[in-house]
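Inside the fold
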Amino acid sequence: MNKLHLLILSCVAIAQNTIAQLPELDVRHKTIFPKSTQERARLAYDTGDYKTAEKLLYTELEKGNFTSSDFLLFANILQANNKPALAREFYGEYAAFKEDGNTTYEINRLFDTSSAPLKEYEIQSQYTISNPTTFDARLYAEANGRIMAYQKLCDGNLIFRAEIFQDVQKLSFGSIAFYSNGEKAVASLIDEKNNTSRLYLFLSKNGRWSKPKELFTDISGNFAFPHIDEKNKTIYFSSDKAGSIGGYDLFKSIYWDDNFEAPISLGNKINSAGNDINPTVYKEMLYFISNGHPSKGGYDIYECKTIDSENAQPTNLTYLNTVKNELAFVAHSPSSLMVTRKDENSSRFITIHKPIIRTTLTGKIMDTLGNLIPNAFVHIETNQSGGSYTVTNETGEFTYTSEIRADTLKVRVLADGYNPRELYSANGANLAVTIIKTKPIEIIREIIKIIREQPISDSLSTDSLDAEIATENNDSSIKVEESEDEPIMTTAPNVGLFYIILNSTYDLDEAKESLENLQLLFSNAELLDYTNGLYRIVISAGNNEESALTTFNEIRQIKQDVWILRPQ
């Protein structure tokens, strides 16, 4: 069988396992013919076939030629497959490539479990709602290629569905945005014969819609997911036109009357190697959906405080996102959001109520020279709770919010290499805290002391921090971990050796249990000490590529999901 036949079969296999998503996404996927393994994995990921995507990237991982974007893609796929511990390891590899403090900060937020889940209510409707928009107290959504209008009840449920744009045009609708008192609209129309999605302008006169006019006719590519920011005379949309970074990128265009200027990319800080879709401007903030930034699983919702490409910094709305695909976002009110959430088994249209913030604290952490300190722990204690924590970003800044009202906050600042600092602050303050350098081991002991004295967020476990402390020992290759049970021996990695990774976790108890189970299959399995509290169960595989591949192939006969850790 030749390579072309294999490629066709692989594309068919991917197509058979895809998750129905949004019309504009589905139509684009039909025109992609991947050549490399990474491209096949990307298509499988984009279409929701996460198991196939993981298998494909394991093949490339074995070859040892991952790029930074491959590490990010693999981590996102592992998240979608509900393998957070393994995903976190590969996010770490991606962050090492980026050398960007804010990337590390955003990744840490994905695994922060200190926030309570928000209240969710499924919106009742007789019909499936996939990609909604709202205008003038009505909700609009595509159904079988037609645009339907719904009335919303006070409880958020939908009634009285009616079709609009009947007999105006023959193409299928994707999504739509209204403006100018509802007398104008921009919609994506799909030509299913040619597998294209383009933007069209609709005008209404005396209550009747005229035939649409196509926008950006001189530019090839797909155009989709329009959103009108009427205040700033700007349309936002997605396109995969020439020059895009990945699949769909986000663009904007200034409009005057019925004329639209040339599209402008929102830049490579907002756009990613994946699909960036469904832009929404609300309260001067940009919201969008993406599967190309660090994710909780597949497509997530992101916000950006500025749309200036030079200063943009997308933030994952971790309190909204899940391991499933969040494909659409509508701001129902300042405290209520509507979200479409999908996976291979279900599609739900839900209302999510945002918490009422009663306590806030912001600030920045710096050294005595005024240098801002990223990745510093800011532990905050109130009379009503045992405490919570946040971490400074790449510019040394932090933000803490809580639904619990507290007039006075007790604050401890902890950073590797600095003396801890304790202070009290009023609710709503903006702090500037200076800390003094000292030995790192003292800070780690202080963190452990705090955690053992009182409960803290689940995401900051004692075990994961204890893993960073070792008793003094003359043999530098052996470290003894602190534990309330029995000590466990970990081996420091030999810088010249290859290892086969059998499993990895950030939890000590889970690592011990995994080691015991794996030693039943592999008597020479050992626990490898690693940075940032990560535990890896490994088998030593020699000091050269040939020896490592031989060991790897032998182990693969027993356990499939393993990979090679090469010397740094």
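Here is what the cut-offs are and how they apply
- Residues numbered from 1 in each chain as written.
- Predicted model: local features only at pLDDT ≥ 70, side-chain atom pairs only at ≥ 80, totals over all residues.
- Heavy atoms only, no water.
- Helix = DSSP H or I, 4+ residues; strand = E, 2+ residues; numbered from the N terminus.
- Contact = heavy atoms within 4.5 Å.
- Polar contact = N/O pair within 3.5 Å; in protein donor to acceptor, adjacent residues only side chain to side chain.
- Salt bridge = Lys/Arg side-chain N within 4 Å of Asp/Glu carboxyl O.
- Buried < 20%, exposed > 50% of the residue type's maximum accessible area, 1.4 Å probe, protein only.
- Pairing = 2+ DSSP bridges.
- Patch = residues over 30% accessible without salt bridge, like charges linked within 9 Å, V, L, I, M, F, W, Y side chains within 5 Å.
- Areas by Shrake-Rupley, 256 points an atom, 1.4 Å probe, with all protein chains shown as cover.
- Lys, Arg positive; Asp, Glu negative; His and termini not counted.
- Charge placed at Lys NZ, Arg CZ, Asp CG, Glu CD.
- Axes fitted to C-alpha atoms, helices over the stretch in contact; angles between N-to-C directions.
- Expected span 1.5 Å × (residues − 1).
- Core = buried A, V, L, I, M, F, W, Y, C linked by side-chain atoms within 4.5 Å.
- pLDDT = per-residue confidence, 0-100.

**Some thoughts on the environment of D407**
- Topologically, D407 is positioned in the loop between β26 (397–402) and β27 (408–414).
- The sequence separation of D407 and A426 amounts to 19 residues, and the corresponding C-alpha distance is 5.8 Å.
- Once residues within four sequence positions are removed from consideration, D407 is found in contact with S425, A426 and N427.
- Engagement of the side chain of D407 in a polar contact is seen with the side chain of R405, the distance being 3.1 Å.

**Thoughts on the pattern of salt bridges**
- For the coordinates displayed, the defined rule picks out 21 salt bridges.
- In this structure, a network of salt bridges that share partners links the residues E120, E122, E326, R341 and R348.

**Side note on the pairing of strand β7 (residues 184–191)**
- Taking burial as the measure, the eight residues of β7 include seven buried ones, the bulk of the element.
- Where strand β6 (residues 172–179) lies against β7, six bridges are found, and the strand directions are antiparallel. Of the residues in β7, the one forming a bridge with F173 is L189.
- Connecting β6 to the next strand, β7, in antiparallel fashion are four residues, including S180 with a positive phi near 55 degrees.
- Relative to strand β8 (residues 196–205), β7 runs antiparallel, the two being bridged by eight bridges. Residue pairing across strands places V186 opposite L201, the latter belonging to β8.
- Where β7 hands over to β8, the hairpin turn is made up of four residues, of which N195 adopts a positive phi near 55 degrees.

**Some details on a negative patch on the surface**
- A grouping of D509, E510, E513 and E516 is seen on the molecular surface, where their side chains present a negatively charged patch.
- When you line up the elements, D509 lands in helix α10 (residues 508–521).
- Given the relative accessible area of 40%, D509 is considered partly exposed.

**Overview of the sheet that holds strand β2 (residues 133–135)**
- Spatial strand order, β2-β3-β4-β5: four strands in an open sheet with antiparallel pairing. The sheet terminates laterally at β2 and β5 (158–164), the two strands that pair on one side only. Averaged over all pairs of adjacent strands, the angle between their axes in this sheet comes to 35 degrees, without regard to strand direction.

**Some points on helix α6 (residues 84–98)**
- With 15 residues, α6 should cover 21 Å at 1.5 Å per step; its first-to-last C-alpha distance of 20 Å lies within 8% of that length.
- All of the buried residues in α6 are L86, A87, E89, F90, Y91, E93, Y94 and A95.
- The secondary structure elements touched by the buried residues of α6 are α4 (50–63), α5 (68–80), α7 (101–110), β32 (499–505), β34 (535–540) and β35 (563–565).
- Among the residues trailing α6, E99 stands out with phi positive, at a value near 50 degrees.

**Describing the sheet that holds β26**
- Pairing within the open sheet is mixed, and its three strands lie in the order β26-β23-β29. Both edges of this open sheet fall to β26 and β29 (430–434), since each of them pairs with a single strand only. Between one strand axis and the next, the sheet turns by 25 degrees as a mean value, whatever way the strands run.

**A look at the nonpolar core**
- Ranked by size, the top nonpolar core spans 33 residues in total, and within it L57, L61, F74, F90, Y91 and W563 carry the most contacts.
- At the level of secondary structure, the elements contributing two or more residues to this core comprise α3 (37–46), α4, α5, α6, α7, β32 and β35.
- Of all the elements, α5 adds the most residues to this core, at eight residues.
- Contact partners of Y91, with chain neighbours within four places excluded, come to L72, A75, N76, Q79, I107, L110, F111, P294 and S295.
- Ranked by size, the runner-up nonpolar core spans 21 residues in total, among them Y248, Y299, L320 and L327.

**Some details on the environment of A511**
- In this fold, A511 is placed in helix α10.
- On the basis of relative accessibility, which here comes to 0%, the residue A511 falls in the buried class.
- Residues A511 and R536, 25 residues apart in the sequence, show an inter-C-alpha distance of 7.6 Å.
- The residues contacting A511, other than those within four sequence positions of it, are T505, L527, Y535 and I537.

**A closer look at the confidence of the model for the protein**
- On average, residues of the protein score 83 in pLDDT, and 84% of them are at 70 or above.
- The model gives residues 1–16 a pLDDT under 50, and that stretch makes 13 contacts with residues more than four places away or in other chains.
- Below pLDDT 50 for its whole length, residues 454–487 participates in 83 contacts with residues either more than four positions away or in separate chains.

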